[in-house]
Structure formats: C-alpha cells, structure tokens
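What the coordinates show
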Amino acid sequence: MRHKKISVLLLTALLLIVLPVSVVFAANAHFIGTPTFTDQGTTLGSTGKIAGLGNADTFILLSASGVPTVTCASPGGGNLAPGQNPGSTTVTGGLPIPASDVKNGNLTFNLDTAEPGPITGKQGGCPNNRWTATITDIAFTSATITVFQGPTCAQPPFTAPKGGCNQVVLQQTFTP
C-alpha cells in the first residue's frame, strides 16, 4: 500500500509539472485564410492572421528566397553592367509578440524581411571581386512563415528566435 501511495504522489507531481507546459503549447495553430505577400523590390512583406495559439510569447520568422537582379560597378565606378550569374538569395525578418498581445489564441501580424546583405563581385556575377555588386531587385520564388512560442520569444534582439523560443507551433511555405 505504501508503494501505491508513493506512485500516486509521484504521478501527481509529474502531472503538475508537465500539465502547465503542455497547456501552453497544446494549441492547434493555423492561418485564418492565406497570408498576403508584398514584393517590395529587395524585401518581402507579409500580413496575416493566426488562430489556435497558446498563451505564450510568440516569434514569427519570415524567410523568403528568390533570384536577385545584380548590378556590377567597375573598380573605378564609371561602368555599370548587369551581373551574369547571380544565383539565388534568401532574406529574413522576425517579429516578436508578447503573450499579452495574443488575444484568445489569435493574433494579426505584419512583417517585412530585412534587406539582403552585401555580396562580393564574384557572388554577383561580376568579372572579379574588385567590382562592386549590388542587389537591386529580387524575384521571390518562395516564402516560409515559421511561428515559435516559448518564454523568451518576445525578448531582444528580434532578428531570430532565442534559446527558450524553440517550440515551432506552425510552419508553412508559400509561393508569393
């Protein structure tokens, strides 16, 4: 009988520890409709609504890939030419949302990716790295929205989810 009491106490203690965490993340997160995307040249914006979230800090990550248009400037700066083999590029943006802004498991978001980082002349398809390559436009081919929830999701810096912000509750890829 004594072992049964101990087992029941241990099980109860375990449930008290695990249950609150699972309630926070027991959500069935989903988009209400399809998010909209706005091509802004070298960045991509997205607006949408999510339902079924848990009551926790949230971080939304937008990652967009596409084919860049590159302009090459000669070492003297006087000659501009299009890049020849620009390949592809990916730009990202993040949006932290405190738990207090999640209303009844719903939230509306609006976020943009950052500008693409600098590239070398060779990466831009210029003759060599003495040339300056500049991405002037991106033809976006895909965008992925990943929604994280966790206790550190609304803490700075806001460019990427942090260590405690690791519970992916929703991820979907779109063709913008």
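Residues numbered from 1 in each chain as written. Predicted model: local features only at pLDDT ≥ 70, side-chain atom pairs only at ≥ 80, totals over all residues. Heavy atoms only, no water.

According to the stated counting rule, one finds 2 disulfides in the structure shown. One disulfide bridge connects C72 with C126, the sulfur atoms lying 2.0 Å from each other. Between C72 and C126, the S-S torsion sits near -90 degrees, and that sign places the bridge as left-handed. One end of the pair, C72, is in strand β4 (residues 58-73); the other, C126, is in the loop between β7 (107-112) and β8 (132-149), with 54 residues separating them in the sequence. Of the two residues, C72 and C126, neither departs from the other in class, the shared state being buried. The disulfide partner of C153 is C165, and the gap between their sulfur atoms is 1.9 Å. Between C153 and C165 the sulfur-sulfur dihedral comes to about 100 degrees; the bridge is accordingly right-handed. Taken together, the positions of C153 in the loop between β8 and β9 (167-174) and C165 in the loop between β8 and β9 put the pair 12 residues apart, joining distant regions of the chain. Overall, C153 belongs to the buried group, its relative accessible area being 1%. A relative accessible area of 2% places C165 in the buried class. (Disulfide = S-S within 2.5 Å. Helix = DSSP H or I, 4+ residues; strand = E, 2+ residues; numbered from the N terminus. Buried < 20%, exposed > 50% of the residue type's maximum accessible area, 1.4 Å probe, protein only.)

The next subject is unusual backbone geometry. For N104, which is not glycine, the phi torsion reads 50 degrees and is therefore positive. Tracing the sequence through the fold places N104 in the loop between β6 (89-97) and β7.

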